[in-house]
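Here is how the chains run, residue by residue.
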Amino acid sequence: MRLLDVRAVLDREEDAQGVDPEIKVLKELDDKSTSYAIVSHRWGTEVSYDEMTRLAAMDERRRNKVRERDGYQKIIRSCEQAMKDGYRWLWIDTCCIDKRSSAELSEAINSMYRWYRNSQMCYVYLNDVSESALPTQQDFSRFGKSSGWPEWFSRGWTLQELIAPKEAEFFNNRWMSIGSKQSLISTLVIITRIPEKVLSDEKALRSTDSSERPGVAQVMSWAADRRTTRVEDRAYSLLGLFNVNMPMLYGEGSKAFQRLQLEIIRVSSDHSIFAWNTKGQLGVWGSILANDPSYFQGCHDIKNMDPKEFFYGVKEYMRWNGIDMDANQFKLESLRRSFHSPQFSVFNVTNVGIQVWLPVIRDRDTPTIVFKAILPCRDRYKNLITIDLEFRGLSSYKWFRPGWIPDTYPEFRSLYLDCSQDAEESHHNLTLDDRGASYYGFTRCGTFPREITSDTLTLSQGNNLMVLVYANDSARFRFAVGFGYYLGEVWAHVICDKCPANREVWSSWADFAQRTYDILLPTFLNLFGMQELSLATMTVATPT
């Protein structure tokens, strides 16, 4: 890796006129044997590798323009902090990678998690925090575009930069320390929903004990609400968390995330990678692969199950659906052996799909061949995770059939889950104009089940119901707008929620959004009219 020589950078800054222009401020060193600090930050007006290496040779006017940038001051303050802490070497992505070289950029992205993990200290710079403490409560009036928290917590790349380092120190925008990773860990858990054991030691991601290791769906859920400037980086920024590598192909769009999932499947037998959208809330049918991390929203509590736990879980699941599996001991013993079959832990990526071995239940009431496959995963309430599949030719496609109650005995089958790329589909774009809501003191808190990063809401067959939440905290009032798109028509409903004066704690906007979604989804799926609904303090009315 290429590291900044802290002393050389500060000497050059102290005497820009008299410094030898041949003095090198960057040096290639080995991350395993070198003691260095590393920086994690939100990009602004930065300084490139080329500018950093040629700064001393620039004329005074150009040099001063570079030095006036916020990004340059960030480098200087980082070097000063590193010098104070006794580190000679510092890494910061803006100027330590020559991004003109696609080969170097690809190598850096594939190595970045390791570089943060091997650092002795990570400096986390929060450019939008001026106080002497990290915020402990969401504040949408200050951080409205980043889910009520400092923007650093909403960015894709900073997820690995939080988890990987052993030691990290957080700084406000005046470079005052506001706490260490360990001292802030309870707040970090609240903000990110990452378990404390992972924040304390990233080795938990690679634990050989499956009960201690977070599943794929859970890790994906940590990235579900995060954004990146390039769509491909939503996948590339997760490589280190899953300990996989792949070439960078900027321009491939959402295919990058599908490639990432295939790489994970090749080295893992974690079935939770298929556990997204199990309730059909996204309206996405077909491929077993998710289009982006936001599809894993709500998966933070999904746990994998060992064969014994899974066997008893299936028995309980069938009992709740009226089938006593103990009544047929021959079938029961055959099924028990299947749970311990080596096939159960093997995934094969083939030309007709991803081959898996799962217990399935046939739906006998449909003219097509439809199955409910049971995954060895459970939610926080210990409910089994199931996915509906439609069999077409050699492959099985993800499907959703609401209200289906299994009524036949489960049996293991070898399935080929479709993982083809989705074709282009019709969509409808809505431009959001929040000025009226802002005038009356309302702030847009966020969207569910997928995040939007602009004022354009795209509704399509793969994203056909979205909920937007607006809140006025001082008035203790909020409302949600549900938008849907079906057969070329846009559909909308509004739900309002006022917090009673005698209630001290108000549920989060995300919980409100999900409750709203749960109310509207059946209506949207069945496409029948709705005039008014109520749930606790919530009311629904069709907008005029």
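The numbering scheme is per chain: residues are counted from 1 as the chain's sequence reads. Selection of residues for local features in this predicted model requires a pLDDT of at least 70, selection of side-chain atom pairs for listing and counting requires 80 or more, and totals for whole chains, interfaces and linings are taken over all residues. To get the side-chain values, all heavy atoms of the structure are used, and hydrogens and water are removed first.

1. Digging into the overall build of the protein
- By definition, any uninterrupted DSSP run of H or I lasting at least four residues is a helix, any uninterrupted run of E lasting at least two residues is a strand, and each is numbered from the N terminus. What the protein contains, in helices and strands, is 16 helices and 22 strands.
- Relative accessibility thresholds used throughout: buried, under 20% of the residue-type maximum; exposed, over 50%; partly exposed, between the two (1.4 Å probe, protein chains only). Looking at the protein residue by residue over its 544 residues, the buried ones come to 54%.
- Every residue pair with non-hydrogen atoms within 4.5 Å of one another is taken to be in contact. Restricting the contact set of the protein to residue pairs at least 6 apart, pairs at least 24 apart contribute 64%.

2. Observations concerning helix H8 (residues 185-192)
- Of all the positions in H8, only Ile185, Thr187, Leu188, Ile191 and Thr192 are classed as buried. Each buried residue of H8 lies within a common arc of 155° when the element is viewed along its axis, so the set occupies one face.
- Considering only its buried residues, H8 is in contact with helix H7 (157-163), strand S6 (168-171), helix H9 (196-200) and helix H10 (216-223).
- Among the residues trailing H8, Arg193 stands out with phi positive, at a value near 65°. Taken from the helix axis, the directions to the C-beta atoms give the arc we talk about.

3. Re the side chain of Gln297
- Among the structural elements, Gln297 can be located in the loop between helix H12 (255-267) and strand S8 (303-304).
- A distance of 3.4 Å separates the side chain of Gln297 from the backbone oxygen of Pro449, its partner in a polar contact.
- With residues up to four places along the chain from it excluded, the contact list for Gln297 reads Ala224, Asp225, Thr447, Phe448, Pro449 and Arg450. Any N or O atom pair separated by 3.5 Å or less is treated as a polar contact, with the protein-specific requirement of one donor-capable and one acceptor-capable atom, and with residues adjacent in sequence counted only for side-chain atom pairs.

4. Some points on the environment of Trp115
- Take Trp115: it is sitting in helix H6 (residues 102-118).
- Given the relative accessible area of 7%, Trp115 is considered buried.
- Trp115 sits 83 residues away from Lys32 along the chain, and the two C-alpha atoms are 8.6 Å apart.
- Those residues in contact with Trp115 that sit more than four places away from it in its chain are Met1, Asp31, Tyr36, Ile38, Trp91 and Ala108.

5. A closer look at the packing of helix H13 (residues 307-320) against helix H14 (residues 329-339)
- Closest axis-to-axis distance for the H13/H14 pair is 9 Å, and the angle between their directions is 145°. Seen along the crossing, H13 lies across H14 with a hand that is right-handed. In this structure, H13 contributes Pro307, Phe310, Phe311, Tyr312, Val314 and Lys315 to the contact, and H14 contributes Leu332, Arg336 and Phe339. Throughout, an axis means a line fitted to C-alpha atoms (over the contacting stretch in the case of helices), and angles, computed between N-to-C directions, take values from 0 to 180 degrees. In a left-handed crossing the near helix is turned counterclockwise from the far helix by less than a right angle, and in a right-handed crossing that turn is clockwise.

6. Focus: the pairing of strand S3 (residues 36-40)
- Across the five residues of S3, five count as buried, placing the element largely inside the fold.
- Side chains Tyr36, Ile38 and Ser40 of S3 all project onto a buried face; the interleaved residues Ala37 and Val39 project onto the opposite face, where all are buried too.
- Here S3 runs beside strand S4 (residues 89-91); their pairing, made up of three bridges, is parallel. Bridge pairing links Ala37 to Leu90 in S4.
- By this definition, two strands are paired if DSSP reports at least two bridges between them. Alignment of S3 against strand S5 (residues 121-125), held across four bridges, turns out to be parallel. Looking at the pairing, Val39 lines up with Tyr123 of S5.

7. Observations concerning unusual backbone geometry
- Looking along the chain, the bond that leaves Phe448 and enters Pro449 is cis, with omega of 5°.
- Along the polypeptide, Pro449 turns up in the loop between strand S16 (443-448) and strand S17 (456-460).
- Its identity as a non-glycine residue notwithstanding, Arg476 has a phi of 50°, on the positive side.
- Structurally, Arg476 can be placed in the loop between strand S18 (465-472) and strand S19 (477-486).

8. Some thoughts on the sheet that holds S3
- One open sheet holds the seven strands; their spatial order is S2-S1-S4-S3-S5-S6-S7, and the pairing between them is mixed. Either end of the sheet is taken by a strand with one partner, and the two such strands are strand S2 (26-28) and strand S7 (177-180). Pairwise comparison of adjacent strand axes, ignoring direction, gives a mean angle of 30° for this sheet.
- With three bridges connecting them, strand S1 (residues 2-5) and S2 associate as antiparallel partners.

9. Things to note about the environment of Val216
- Within the element layout of this structure, Val216 appears in helix H10.
- By relative accessible area, which is 5% here, Val216 ends up buried.
- A sequence separation of 58 residues divides Val216 from Phe274, and the C-alpha atoms of the two residues are 9.1 Å apart.
- When near neighbours in sequence (up to four residues on either side) are disregarded, Val216 contacts Phe242, Ile264, Asp270, Ser272 and Ile273.

10. With respect to the nonpolar core
- Core analysis: the largest hydrophobic core is formed by 135 residues, its most contacted members being Leu4, Trp91, Ile163, Phe170, Leu260, Phe274 and Ile354.
- With seven residues, the top contributor of residues to this core is H6.
- When residues no more than four places from it in sequence are discounted, the contact partners of Leu260 are Met220, Ala235, Leu238, Leu239, Val244 and Met246.
- Joining through side-chain atoms within 4.5 Å is the link that ties buried Ala, Val, Leu, Ile, Met, Phe, Trp, Tyr and Cys residues into a set, and such a set is a nonpolar core. Listed in part, the 17 residues of the second largest apolar core include Phe140, Val467, Trp509 and Ile519.

11. Thoughts on the side chain of Arg378
- Relative to the helices and strands, Arg378 is located in strand S11 (residues 369-378).
- Only 3.1 Å separates the side chain of Arg378 from the side chain of Glu309, close enough to count as a polar contact.
- Beyond its immediate chain neighbours, meaning those up to four positions away, Arg378 contacts Asp301, Ile302, Lys303, Met305, Glu309, Asn383, Leu384 and Ile385.

Honestly, it's all geometry; don't read function into it.
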